[in-house]
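The residues making up each chain are set out below.
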Amino acid sequence: TGTNSWWKEATIYQVYPASFCDSNGDGWGDIPGVIAKIPYLHSLGIDVVWLSPMYDSPMHDMGYDVSDYENVLPAYGTVHDVEKLVEACHERGMKLILDLVVNHTSDQHKWFKESRSSKDNPKRDWYFWRPPRYDEKGNRLPPSNYRGYFAGRTWDEHTQEYYLNLYAPSQPDLNWDNKETREAIYNSAIRFWLDKGIDGFRVDTVNKYSKHTAFPDVPITDPKSYIQPAIEMWCNGPRIHEFLREMYDSALSPYGDIVTVGELANTPDPAQVLEYVGAKAKELSMVFHLDIGHIGMGALADKYIFHPWQLTQMKSVVNKWQSFVEGTDGWTTAFCENHDNGRSVSRFGDDSPAFREVSAKMLALMMISMTGTLFIYQGQEIGMINAPKDWPIDEYRDIEGLGYYREAVKQTESGADRTRKKKIMDGLRILARDHSRLPMQWDNSAHAGFTTGKPWMRAHDLYPEINVKNQEGDSQSVLSFWKNVLRLRKEYRELFIHGAFEVLDFENLQTFCFTKSRDYKQALVILNFTSEIQPFTQADKVSDMRLLVGNYEKSAGEMLRPFEGRIYIN
Ligand code: TEU
C-alpha cells in the first residue's frame with residue numbers, strides 16, 4: 001500500500017455480470033459479453049474493471065453464494081473466458097479485479113457439504129456448528145438470539161445442530177478461527193485467481209470474518225421479536241486484524257502492488273477505519289464507507305423503510321470520508337452507486353424527464369471532484385434510473401428485498417403492523433437492490449440490446465430513450481459529459497483526486513458547495529440539489545476564478561438553475 005500506488009488515481013467501473021451484456025442469447029450476461037464491451041469502457045476513460053462474482057453458484061444471492069471458487073458459473077462462461085478478459089484489459093492498459101466473497105460460502109460448496117455430513121467430519125469446524133438450547137417448555141431455540149441480514153439461525157435436520165449464517169440460510173459463515181480453513185480460502189479463492197494475472201479484489205463483508213465465538217445473547221432491543229440486531233457480535237471482531245494481516249502477508253503481497261478494496265460495514269470511527277487502510281497497517285488498500293448508500297434508509301430491521309432526508313446528511317457523510325485522508329497514511333473511495341442500492345439519480349437527483357439528465361450530470365460533477373479512488377457502477381455513466389414505480393413486486397428478484405416484503409406481508413396480515421406492507425413496498429420502490437440490477441441499456445432494440453433472448457430481469461420501460469447508442473452520438477449526453485469530466489479529473493488530479501476538501505455554507509439545505517485545494521490551486525464546486533432556482537451564494541469567490549465545467553449549455557449566470565452544477569478553478 002505505497003504512497004504512489006497506481007490504484008489511487010484509477011477510475012474503477014463495476015460490472016454486474018448477470019446484467020451487463022449477454023453474448024449468447026440465454027438471458028444472462030456473460031464474460032464474452034464483458035470482453036466485447038472493453039473498447040467501450042476504454043473509450044469512457046475506465047482504468048480498472050471490477051467484476052462482481054462470476055463464480056459457480058446456485059445464485060440465491062446473485063453469486064455472493066459461491067459453490068466453487070475455482071470455477072465460473074456456466075451461464076457466465078469458463079475460467080478460460082476470465083483469462084481472456086484479463087488479457088483484453090491488459091492489452092489496453094486496463095486492469096481487472098474480482099470480488100472476493102469469503103465470509104461465507106454457498107451451502108452447495110463441497111466444504112459445507114462435508115462439514116454438514118456428520119459431527120465428526122474433518123471439515124466440521126470449517127463452519128460454526130452449535131447445539132440447540134431449550135426454553136422452560138422444552139421448545140428448541142437457536143444457540144443465540146441474533147437477527148441476521150436475511151434470516152435467523154438455521155437448523156440442520158441431519159446432524160441436529162444449528163449453523164451460523166449472517167445472510168441467507170444457503171450462505172453458511174466460514175470459520176476463520178480455523179487455520180486450515182483460512183489456508184484453503186487463500187489457496188482456492190485468492191491465489192488461484194492472482195495466478196491467472198488479475199490485479200486485485202473487492203473484498204466482500206471485509207470486517208465480519210472474526211466472530212465472538214461464544215455467541216452470547218445480545219440485549220433485547222426489539223421486545224416484539226425473538227431475534228435481535230447483533231452486529232457487534234461479528235463486525236470488527238477480536239481477531240479481524242490478525243486475519244487480514246495474515247491474508248495480506250501470505251496471499252496478497254507476494255503478488256506485488258495489487259489493489260484491495262474492502263466493504264466495511266458499521267465502522268463509524270475513522271481511527272478504527274485507519275486500522276484497516278493505513279499504509280502501515282498492511283491490510284487493505286482502501287474500503288467503501290457505506291454511509292452514502294444509507295441515506296434515506298431506516299436502521300437495521302427497518303432498512304427498507306424510506307425516510308425523507310436532508311442535504312446536510314449527505315454533506316456530513318461526504319465530509320467525513322473526504323477529510324479522513326488529511327494527515328493520515330490512509331486512502332479513501334468515492335462512489336454513490338453499486339449493486340446493493342437504488343440508482344443515484346432517483347435517490348439524490350430527480351428522475352423525471354425534465355431533470356434526470358441534468359441531475360445525472362450534477363452528480364457526476366460531485367463524484368469526479370472527490371478525493372480517493374473513484375468507482376462508477378454500470379449504467380451510471382448514461383444516467384440509468386430506478387425501475388418504474390408501477391412495477392409490481394413480481395418484477396423484483398433480490399433475496400433481501402423479497403425477504404423484507406414477505407415479512408411485512410405477514411405482519412400486515414396478522415394485524416401486528418397493518419401499515420408495514422405498504423411502507424416496505426414504498427421503500428423498495430426507492431431503495432431496493434433490484435434497481436441497479438436491471439439490464440444495462442445498450443440501444444433501443446428489444447430488451448435494451450442486452451440480450452436477444454428473454455432477460456433474467458425485465459429491462460427498464462424507458463430504454464428506448466435512455467441508452468448508450470443514443471448517447472454516443474450526442475455531445476450533450478450524460479455519457480459524453482462523463483467522458484469529459486473523467487478526463488478533467490485526471491488533468492487536474494492534484495486538486496480532484498488528492499486535494500484537501502472543505503465544505504462551505506454547511507447548513508444550506510438546497511446547495512452543496514465545497515472547495516478542493518492543493519498549494520495555491522483551488523477548485524470550487526457548486527451543486528444545486530433542488531429542482532428550483534437557487535441564489536448563487538458563492539458569487540463573491542469566483543471573481544478571480546474561471547468556470548472549468550458546468551452541466552448547462554448556456555454560460556453561467558447569477559442564479560443556479562435546477563440541479564445546476566459548476567466547477568470553478570483559479
Ligand atoms: O453486502 C454486505 C452487506 O452487508 C450490505 O451492505 C448489503 O448491502 C446488504 O444489503 C445488507 O443488508 C455484500 C454484497 O455486496 C451483497 O450483494 C451480498 O448480498 C452480501 O454481501 C452477502 O454476500
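Values in this document were obtained by computation on a predicted structure and should not be read as measured data.

**Details of the overall build of the protein**
What the protein contains, in helices and strands, is 17 helices and 24 strands. Dimensions of the protein, computed from C-alpha atoms along their principal axes, come out at roughly 75 × 55 × 50 Å. Expressed as a percentage of the 570 residues in the protein, the buried residues total 49%. Residue pairs in contact within the protein that sit at least 24 positions apart in sequence constitute 67% of those at least 6 positions apart.

**A few points about the UniProt feature "domain: Glycosyl hydrolase family 13 catalytic" (unreviewed entry) in the protein**
As recorded in UniProt, the feature "domain: Glycosyl hydrolase family 13 catalytic" (unreviewed entry) lies at residues 14-429. Secondary structure across residues 14-429 comprises 32% helix and 13% strand; the distance between its end C-alpha atoms is 23 Å.

**Notes on the nonpolar core**
Within the largest apolar cluster, 140 residues are counted, with the highest numbers of intra-cluster contacts made by Val49 and Val287. Ranked by residues supplied to this core, first place goes to helix 12 (residues 356-368) with nine residues. Ignoring sequence-local partners within four residues, the contact set of valine 49 consists of Tyr13, Val15, Leu41, Cys89, Met94 and Leu96.

**Describing the site of the ligand**
The environment of the ligand is made up of 14 residues, and the closest members are Asp61, Tyr64, Tyr149, Tyr167 and Asp340. Broken down by class, the residue content of the shell around the ligand amounts to six nonpolar, two polar and six charged.

**Some remarks on the pairing of strand 20 (residues 521-528)**
Taking burial as the measure, the eight residues of strand 20 include six buried ones, the bulk of the element. Inspection of the sheet shows strand 19 (residues 511-518) paired to strand 20 by eight bridges, in the antiparallel sense. Along strand 20, the bridge assignment pairs lysine 516 with alanine 523. Bridging between strand 20 and strand 24 (residues 565-569) involves five bridges; their strand directions are antiparallel.

**A short note on the sheet that holds strand 19**
Taken in spatial order, the five strands of this open sheet run 18-19-20-24-22, and their pairing is antiparallel. Where the open sheet ends on each side, the last strands, each with one partner, are strand 18 (500-504) and strand 22 (546-550). Neighbour-to-neighbour, the strand axes of this sheet turn through a mean angle of 20°, independent of strand direction. The pairing of strand 18 with strand 19 spans five bridges and is antiparallel.

**Structural notes on the confidence of the model for the protein**
Per-residue confidence for the protein averages 96 on the pLDDT scale, and 99% of its residues sit at or above 70. Highest mean pLDDT in the protein belongs to strand 1 (residues 11-15) (99); lowest belongs to strand 10 (residues 154-156) (87). Taken over the whole predicted complex, pTM reads 0.97, whereas the ipTM for its chain interfaces reads 0.96.

**Considering the environment of glycine 93**
Tracing the backbone shows glycine 93 in the loop between helix 4 (79-91) and strand 5 (95-100). Taking the C-alpha atoms as reference points, glycine 93 and aspartate 47, 46 residues apart in sequence, are found 7.5 Å from one another.

**Some thoughts on the sheet that holds strand 2 (residues 48-51)**
Pairing within the open sheet is parallel, and its eight strands lie in the order 15-14-12-5-2-1-17-16. Strands with a single pairing partner mark the edges of an open sheet, and in this sheet they are strand 15 (286-289) and strand 16 (333-334). Sheet analysis places strand 14 (residues 259-264) next to strand 15, joined by four bridges and oriented parallel. Looking at the pairing, leucine 264 lines up with histidine 289 of strand 15.

**Side note on the packing of helix 12 against helix 16 (residues 478-491)**
Put simply, helix 12 and helix 16 touch, their axes get as near as 10 Å, and they point 15° apart. On the basis of the axis angle, helix 12 is roughly parallel to helix 16. Classified by chirality, the crossing of helix 16 by helix 12 is right-handed. Residue-level contacts link Glu357, Ala360, Lys361, Ala364, Leu365 and Ile368 of helix 12 to Val478, Phe481, Trp482, Val485, Leu486, Leu488 and Arg489 of helix 16.

**Quick word on the pairing of strand 1**
Summarising burial for strand 1: five of the five residues are buried, a large majority. Side-chain alternation along strand 1 places Thr11, Tyr13 and Val15 on one buried face and Ile12 and Gln14 on a second face that is also buried. In terms of strand pairing, strand 1 meets strand 2 through four bridges, oriented parallel. The residue bridging tyrosine 13 from the neighbouring strand is valine 49, located in strand 2.

**A short note on the domain arrangement of the protein**
For the protein, the assigned domains read domain 1 (6-104 + 179-389 + 435-481), domain 2 (110-163), domain 3 (390-431) and domain 4 (500-569). Taken together, the contact between domain 1 and domain 4 spans 22 residues of the former and 21 residues of the latter. Among the elements of the structure, helix 10 (311-323) and helix 12 are those that each provide at least two residues to the side of domain 1 that touches domain 4. Tallying contributions element by element places helix 10 first for the side of domain 1 that touches domain 4, with seven residues. Residues belonging to the side of domain 1 that touches domain 4 are distributed by class as follows: eight nonpolar, ten polar and four charged.

**Considering unusual backbone geometry**
A negative phi holds for most residues other than glycine; trans holds for most peptide bonds. Phi is positive for glutamine 160, which is not a glycine, with a value near 60°. Examined against the element boundaries, glutamine 160 turns out to sit in the loop between strand 10 and strand 11 (161-163). Glutamine 160 gets classed as exposed once you count the C-beta atoms within 10 Å, which come to 11. One non-glycine residue with positive phi stands out, namely histidine 447, at about 55°. You can see histidine 447 is positioned in the loop between helix 14 (420-431) and helix 15 (468-472). Take histidine 447: there are 20 C-beta atoms within 10 Å of it, and that puts it in the buried class.

**Remarks on the packing of helix 6 (residues 179-194) against helix 7 (residues 240-252)**
Packing of helix 6 against helix 7 brings their axes to within 11 Å, and their N-to-C directions diverge by 50°. Viewed along their axes, helix 6 and helix 7 adopt a mutual orientation that is oblique. Crossing geometry of helix 6 relative to helix 7 is assigned as right-handed. Taken together, the residues of helix 7 that come into contact with helix 6 (itself represented by Arg182, Tyr186, Ile190 and Arg191) are Phe243, Glu246, Met247, Ser250, Ala251 and Leu252. Partitioning the contact of helix 6 with helix 7 into residue classes produces six nonpolar, one polar and three charged.

**What to know about helix 13 (residues 399-413)**
The end-to-end C-alpha separation of helix 13 is 21 Å, in line with the 21 Å expected for 15 residues at 1.5 Å each. Residues Ile399, Gly401, Tyr404, Tyr405 and Ala408 constitute the buried set of helix 13.

**Quick notes on helix 5 (residues 110-117)**
Because the α-helix completes a turn every 3.6 residues, residues three or four places apart line up on one side. Within the sequence span of helix 5, burial applies to Trp111, Phe112, Ser115 and Arg116. Angularly, the buried residues of helix 5 cover 120° about the axis, an arc narrow enough to put them on a single face. Of the surrounding elements, those touching the buried residues of helix 5 are strand 10.

Each value, and the rule that gives it
Residues numbered from 1 in each chain as written. Predicted model: local features only at pLDDT ≥ 70, side-chain atom pairs only at ≥ 80, totals over all residues. Helix = DSSP H or I, 4+ residues; strand = E, 2+ residues; numbered from the N terminus. Buried ≥ 20, exposed ≤ 12 C-beta atoms within 10 Å, placed from the backbone. Contact = placed C-beta atoms within 7 Å. UniProt positions renumbered as here; feature names shortened; annotations may be inferred. Core = buried A, V, L, I, M, F, W, Y, C linked by C-beta atoms within 7 Å. Near = placed C-beta within 6 Å. Nonpolar A, V, L, I, M, F, W, Y, C, P; charged D, E, K, R; others polar. Pairing = 2+ DSSP bridges. Axes fitted to C-alpha atoms, helices over the stretch in contact; angles between N-to-C directions. pLDDT = per-residue confidence, 0-100. Parallel < 35°, antiparallel > 145°, perpendicular 65-115°, else oblique. Left-handed = near helix turned anticlockwise from the far one by under 90°. Domains from an automatic or database assignment. Expected span 1.5 Å × (residues − 1). Arc of directions from axis to C-beta.

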